Amino acid sequence: MTAVEAIALTRIYHQKGRPDVTALAGLDLTVAEGEVHGLLGPNGAGKSTFMRILATVLLPTSGSARVLGHDVVADHTQVRRQLAVVFGGDRGLYPRLSARHNLRYWAALYRLDGRTAARRADELLTEMGLADRADDRVETYSTGMRQRLHLARGLIADPRVLLLDEPTNGLDPVAAHQLRGIIRGLADSGRTVLLATHDMAEAEAVCDRVTMINHGRVIATEAPRQLARWITTCERVDADGAGEEVLARIKELPGVGEVTSDGDGSVSIAVDSRETAGLVLQRLLDSGVTSVRTAMPSLEEVYLHLLREEAR
Amino acid sequence: MIDVADPRVDTATPSLVGSGPLAAVKAGARAMWWASRTGLADFSIIFTVWTWLFGWGLRILAQVLFYLVIGSLLGPGQGEYLMIGNTVCLMAVHSLLASASLTWERQNGTLPLLVASPTPPALVLIGRSLFWIPDGLVCAMAAFVILGPVAGVHFTAAALGWTALLLVLTGVSCYGLGCFLGSLMLVVPDLRNVVGNGMVTVLMILCGVNFPPATLGPVAHAVSAYLPLTHGLTAIRMTLDAGGASAAVGRQALLEIAVGSVWLVLAVVALQVLARRSRRDGRALFQQ
Amino acid sequence: MSLFVAAARLQIGQIFSDRDYTIELVRAPLLAVVFLALVRQADRPDLLANALLAPILMALFGMALSISGEIVDADRWMGLLEPTIATPVPFPRLVLHRIVTTTLVSLIIAVEVCLVSIAGFGIVPVVHHPWMFAVVAVLTLAAMVGWSLLMSALFVATRTARTFQNTLSYPFMLLGGVFVPVDQLPGWMQPVGRLVFLSWSSDLLRDAMAAPPVTSVAARTGMVVLLGAAGLGLGLLLLRRVLRRVRATGTLGLR
């Protein structure tokens, strides 16, 4: 079943005395049930606007969006029962109340009865590693703890669809890694997760598929590993200690694309075929460079490449 | 060009040309001047011309009018008594806002930086909220001019002139109390508005704003003598009654200066103690 | 947990965890001292009801203005408005529950003022028409809820909470006749004052405390009901309009 579907979704913001801003320009997107789907894009790409429309707090200008078959405009009550949205940062919780109190309150807003709410709150606090601080004020929590509490709040009513808007924003690497593990576990339980993120590593590690959006439109949708193949059908060649002379000769080879140097002696050479990769490797070895390897482009490289292509 | 061989040049603190008490006073005054300019910038963020006029200004006039009409209901002469008392009390209302605005420094996270600087933090913190005094003066004078006729009172220009001076004096005196409370609030900033509002009402009870200080008994009367506003208000009442200054007014003014000075000194001492404690235990002023 | 209980627990938690919200609880008993001392010093025992009711009504309105009035706006800048709208519960109902809770909590002030009167001045408040007093008190509280909802919607719609919170207090107290009855204010103020439900409430409550029979009860009580209902109706309309605008124009952002 399709969990999320957007068809020609458009959202234009009208501002007095200023030109209209088109946040979404005919976005088409499908997310299957049980999938962890990443939304990648620069600031202003339309990710947050899309999330808000799905969460039913913003109306589209035209087009349609459905969550589990329910239209977000006509059936918003149904959508709200099955979907939860989680933000990053410090907003979205009552800071002067305890974690437990926050969760019990949100449980009531999702119409859970008292017993279920108490049980769910306890379960989630334990799952998120917050049980021993459950009765402390949220304002005393670290950023990582708050983010886990945000997630707990989103899960309180056991929603079938979860929207996560940059959940690891501002977290240290350890906390971010921990949260990613939790997010991966959500999908394993059959939930559909739509994750807006800037973090390429996160998207690669967690997502089944990734959609890149910019200027309110979809640029590409693929599994993270598949997206890399967009740039090149083969690998790129990375080497350490290659001199300028050998690089100049390599650049003359047909089929060699961009050659980027890190400045610390490492170089990355894009190639268009396996044969070209072989020729490049031969030249490097002949010149005495032995530290060589081949690799697929990272999601970040794909992302930046696609944005550059789109800008052209 | 500065000659570093010149014994007058303090090369350890290159911002200070010259040394000795006069230089220190100049440096302190400069620090206070810049602090007060920062405070003025804060003020311009709180209010625009329109929100000050139609928000704050109208509310202030309504506050004095509220008590004026109560006085009119109570009996002859009471309207004037309450009008004058509550108008002068506006200086306290404004000056005691320093008990809250002093804590903005903590919210900005600049307190540790102040403590680490060569300038005593007290100078900066006290200079920071000075803008409330001219604000209070404008409000009070407007209340006298607009609401005086409503109370059936017409003040002479001379009386109003002396009143303006006494209002400034009263405002500065109350500011000392405001700074003292503000220094305590640096440690418990959550209480800043409760304490500020509560203290204004306490002054309204004890300092002769709505009824003579002796109304609530000898203890309350004795306490009122050590609070700012009491003597300044008495001086202003005498001035408006007589149409000008007199020796008795001068005595009350001096008492007001004395009381205000004590509170200001207490504020400086409290701030210095807090700064020393913060350096020692890393808490106090440094906690966000 | 029922929605009302959840909302009430949240709102009580909010009120007592934010010191600023307790200002009226501190100020009201002090104002009671001011008014009772004024009345005693002026030798006007006939104004005792005025002196007792004024600080209570001022604080009730003060809490409505500063706490209830900023329920929606505070949620907005805490980033809680849209997550709350995204839940299944009707948002206006949730806001009303929180306002009712605030209004009920503010009744603590009545207890404080009575204590000040008894312990500080040796005056035991006497209510000669207790049933009448109780009915008017309940209707006044209901009207306060209605007008709190209007303020809550207005503040978030116009983003001028701070300005209004400062501006409205004393003008409302004056026109509401909380101490000086409206019919004793300057002539031009009286028609304006009669549009404020507090002016009818305060007159009725003072009359209910006094010995003589209360006149025109139905008509005057009806005005409290009418003006309170007007506040509630306008508040609901405006809040729904705000919600529609949030969804249609996205003016209240996620971030």
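Within every chain, residues take consecutive numbers counted from 1 along the sequence as written. Written order determines the labels here, with chains lettered from A and ligands numbered from 1. Since the coordinates come from a predicted model, pLDDT governs what is reported: local features require at least 70, and pairs of side-chain atoms require 80 or more to be given and counted, while whole-chain, interface and lining totals use all residues. Hydrogen atoms and water are omitted, and side-chain values are computed over all heavy atoms in the structure.

Trainee: Give me the overall build of chain A: which residues, what numbers.
Mentor: Runs of E in the DSSP output that reach at least two residues are strands. Runs of H or I that reach at least four are helices, and both are numbered from the N terminus. In terms of helices and strands, chain A carries 11 helices and 14 strands. Note on classification: 1.4 Å probe, protein chains only; a residue is buried when its accessible area is under 20% of the maximum for its type, exposed when over 50%, partly exposed between these limits. The buried share of chain A, taken over its 312 residues, is 51%. Computed by Shrake-Rupley with a 1.4 Å probe, the accessible areas treat only the displayed protein chains as cover when residues are assessed. Of the roughly 13600 Å² of accessible surface on chain A, 48% is carried by carbon and sulfur atoms. His is not counted here, nor are the chain ends, while Lys and Arg score as positive and Asp and Glu score as negative. Charged groups are reduced to one reference atom each: NZ for lysine, CZ for arginine, CG for aspartic acid, CD for glutamic acid. Taken as two groups, the 37 positive and 42 negative side-chain charges of chain A have centres that lie 9 Å from each other.

Trainee: Go over the sheet that holds strand E2 (residues 18-32) of chain A, please, and point to the residues and values.
Mentor: Residue and element names in this part refer to chain A. A pair of strands is considered paired only if DSSP assigns at least 2 bridges between the two. With antiparallel pairing, four strands are arranged side by side in an open sheet as E2-E1-E4-E5. At either margin of the open sheet sits one strand with a lone partner, and together these are E2 and strand E5 (70-71). Here five bridges tie strand E1 (residues 2-15) to strand E4 (residues 62-67), and the two strands are oriented antiparallel to one another. Considered in E4, the bridge of Glu5 is made with Arg66. In the packing of helix H1 (residues 47-54) onto the sheet, the strands contacted are E1, E2 and E4, and the crossing angle to E1 comes to about 115 degrees. By definition, residues are in contact when any of their heavy atoms lie within 4.5 Å. Between N-to-C directions, angles cover 0 to 180 degrees, with each direction set by a line fitted to C-alpha atoms, over the stretch in contact for helices.

Trainee: Which residues make up the nonpolar core, and what values do they have?
Mentor: As a rule of thumb, soluble globular proteins bury nonpolar side chains together. Definition of nonpolar core: a set of buried residues of the types Ala, Val, Leu, Ile, Met, Phe, Trp, Tyr and Cys, connected through side-chain atoms within 4.5 Å. Counting residues in each nonpolar core, the largest one holds 143 residues, and the members touching the most others are Phe66, Ile70 and Phe144 of chain B together with Phe35, Phe179 and Leu198 of chain C. Sequence-distant contacts of Phe179 of chain C, defined by excluding residues within four places in its chain, comprise Phe66, Ile70 and Leu73 of chain B together with Phe35, Val39, Asn50, Ala51, Ala54 and Arg206 of chain C. In this structure, Val36, Leu164 and Ala176 of chain A together with Val89 of chain C belong to the second largest nonpolar core, which totals 61 residues.

Trainee: Can you lay out the interface of chain C and chain A for me, pointing to particular residues and giving the numbers?
Mentor: A common measure of how large an interface is: the accessible area buried when the components associate. In this complex, chain C contributes 36 residues to the contact, which on the side of chain A involves 37 residues. Here's the idea: put two parts together, see how much 1.4 Å probe accessible area each one loses, and the total over both is what we call buried area. Regarding the contact of chain C and chain A, the summed buried area is about 3400 Å², with carbon and sulfur atoms giving 58% of it. A carboxyl oxygen of Asp or Glu within 4 Å of a side-chain nitrogen of Lys or Arg is what we treat as a salt bridge. In this assembly, chain C and chain A are joined by one salt bridge. Across the pair Arg52 of chain A and Glu82 of chain C runs a salt bridge, and its minimum N-O distance is 3.3 Å.

Trainee: Lay out the packing of helix H3 (residues 78-95) of chain B against helix H8 (residues 132-147) of chain B in plain terms, naming residues and giving numbers.
Mentor: All names here are of chain B. With their axes 8 Å apart at the nearest point, H3 and H8 run at an angle of 165 degrees to one another. Relative to H8, H3 is oriented roughly antiparallel. H3 and H8 meet at a crossing whose hand is right-handed. Across the interface between the two elements, Met83, Ile84, Thr87, Val88, Leu90, Met91, His94 and Ser95 of H3 pack against Trp132, Ile133, Asp135, Gly136, Leu137, Cys139, Ala140, Ala143, Phe144 and Leu147 of H8. Amino acids outside the nonpolar list (Ala, Val, Leu, Ile, Met, Phe, Trp, Tyr, Cys, Pro) and the charged list (Asp, Glu, Lys, Arg) are all regarded as polar, and Gly is one of them. For the contact of H3 with H8, the class distribution of residues is 13 nonpolar, four polar and one charged. Every angle not falling under 35 degrees, over 145, or within 65 to 115 is termed oblique; those three ranges are roughly parallel, roughly antiparallel and roughly perpendicular. Crossing handedness is defined as follows: a turn of the near helix away from the far one that is anticlockwise and smaller than a right angle gives a left-handed crossing, while the clockwise case is right-handed.

Trainee: Report on unusual backbone geometry, specifying residues and quantitative values.
Mentor: Despite not being glycine, Leu68 of chain A has its phi angle at roughly 50 degrees, a positive value. Take Leu68 of chain A: it is sitting in the loop between E4 and E5. With a phi angle near 50 degrees, Ser216 of chain C is a residue other than glycine that sits in the positive phi range. Tracing the backbone shows Ser216 of chain C in the loop between helix H11 (197-209) and helix H12 (217-249).

Trainee: Run through the pattern of salt bridges, naming residues and quoting values.
Mentor: Residues and elements named next belong to chain A. Inspection of the entire model under this criterion finds 22 salt bridges over all chains. Linking Arg119 and Glu123 is a salt bridge whose minimum nitrogen-to-oxygen distance equals 3.1 Å. Taken as a pair, Arg119 and Glu123 lie in helix H4 (residues 114-127) at a separation of four residues, close to a single helical turn. Among the residues examined, Arg119 registers a relative accessible area of 44% and is labelled partly exposed.

Trainee: Lay out the sheet that holds strand E13 (residues 266-271) of chain A with the relevant residues and their values.
Mentor: Residue and element names in this part refer to chain A. Across the sheet, which stays open at both edges, the four strands sit in the order E12-E13-E11-E14 with antiparallel pairing between neighbours. Strands at the two margins of the open sheet, each flanked by one partner only, are strand E12 (256-261) and strand E14 (292-295). Between one strand and the next, the sheet's axes are offset by a mean angle of 20 degrees, whatever the strand orientation. Direction of pairing for strand E11 (residues 236-240) relative to E13: antiparallel, over a ladder of five bridges. If you follow Asp238 over to E13, its bridge partner there is Ser268.

Trainee: If you had to explain the packing of helix H2 (residues 23-41) of chain C against helix H7 (residues 108-121) of chain C to someone new, which residues and values would you point to?
Mentor: Helix-helix packing is described using two parameters, namely the angle between the two axes and the distance between the axes. All names here are of chain C. Two numbers describe how H2 lies on H7: the axes approach to 9 Å, and their chain directions differ by 40 degrees. Taken together, the axes of H2 and H7 are oblique relative to one another. Regarding H2 and H7, the two cross each other, and that crossing is right-handed. Facing H2, whose interface residues are Glu24, Leu25, Ala28, Pro29, Ala32, Val33, Leu36, Ala37 and Arg40, H7 presents Ile108, Ile109, Glu112, Val113, Val116, Ser117 and Phe121.

Trainee: Can you break down a nonpolar patch on the surface residue by residue, with the values?
Mentor: Residue and element names in this part refer to chain B. Together, Val49, Trp50, Leu53, Phe54 and Leu58 make up a nonpolar patch on the protein surface, roughly 560 Å² of accessible area in all. Note that Leu58 resides in helix H2 (residues 49-74). Overall, the relative accessible area of 43% leaves Leu58 in the partly exposed class. Like charges within 9 Å and nonpolar side chains (Val, Leu, Ile, Met, Phe, Trp, Tyr) within 5 Å are joined into patches, using only residues over 30% in relative accessible area that form no salt bridge.

Trainee: Can you lay out the packing of aromatic side chains for me, pointing to particular residues and giving the numbers?
Mentor: Two aromatic rings, drawn from Phe, Tyr or Trp (for Trp, its six-membered ring), form a pair once their centres lie within 6.5 Å of each other, and the interplanar angle then sorts them: stacked below 30 degrees, edge-to-face above 60, tilted otherwise. As enumerated under the stated definition, the model contains 14 aromatic pairs over all chains in all. Taking 6.2 Å as the distance between ring centres and 20 degrees as the angle between the ring planes, the aromatic pair formed by Tyr67 of chain B and Phe35 of chain C counts as stacked. With one member in each of two chains, Tyr67 of chain B in helix H2 and Phe35 of chain C in helix H2 form a pair that bridges those chains. For Tyr67 of chain B, a relative accessible area of 0% gives the class buried. Phe35 of chain C sits in the buried class, given a relative accessible area of 0%. Each ring, one from Phe61 of chain C and one from Phe172 of chain C, has its centre 4.4 Å from the other, and the planes form 5 degrees; the classification is stacked. Placement of the pair is Phe61 of chain C in helix H3 (residues 48-66) and Phe172 of chain C in helix H9 (residues 161-175), with a sequence separation of 111 residues.

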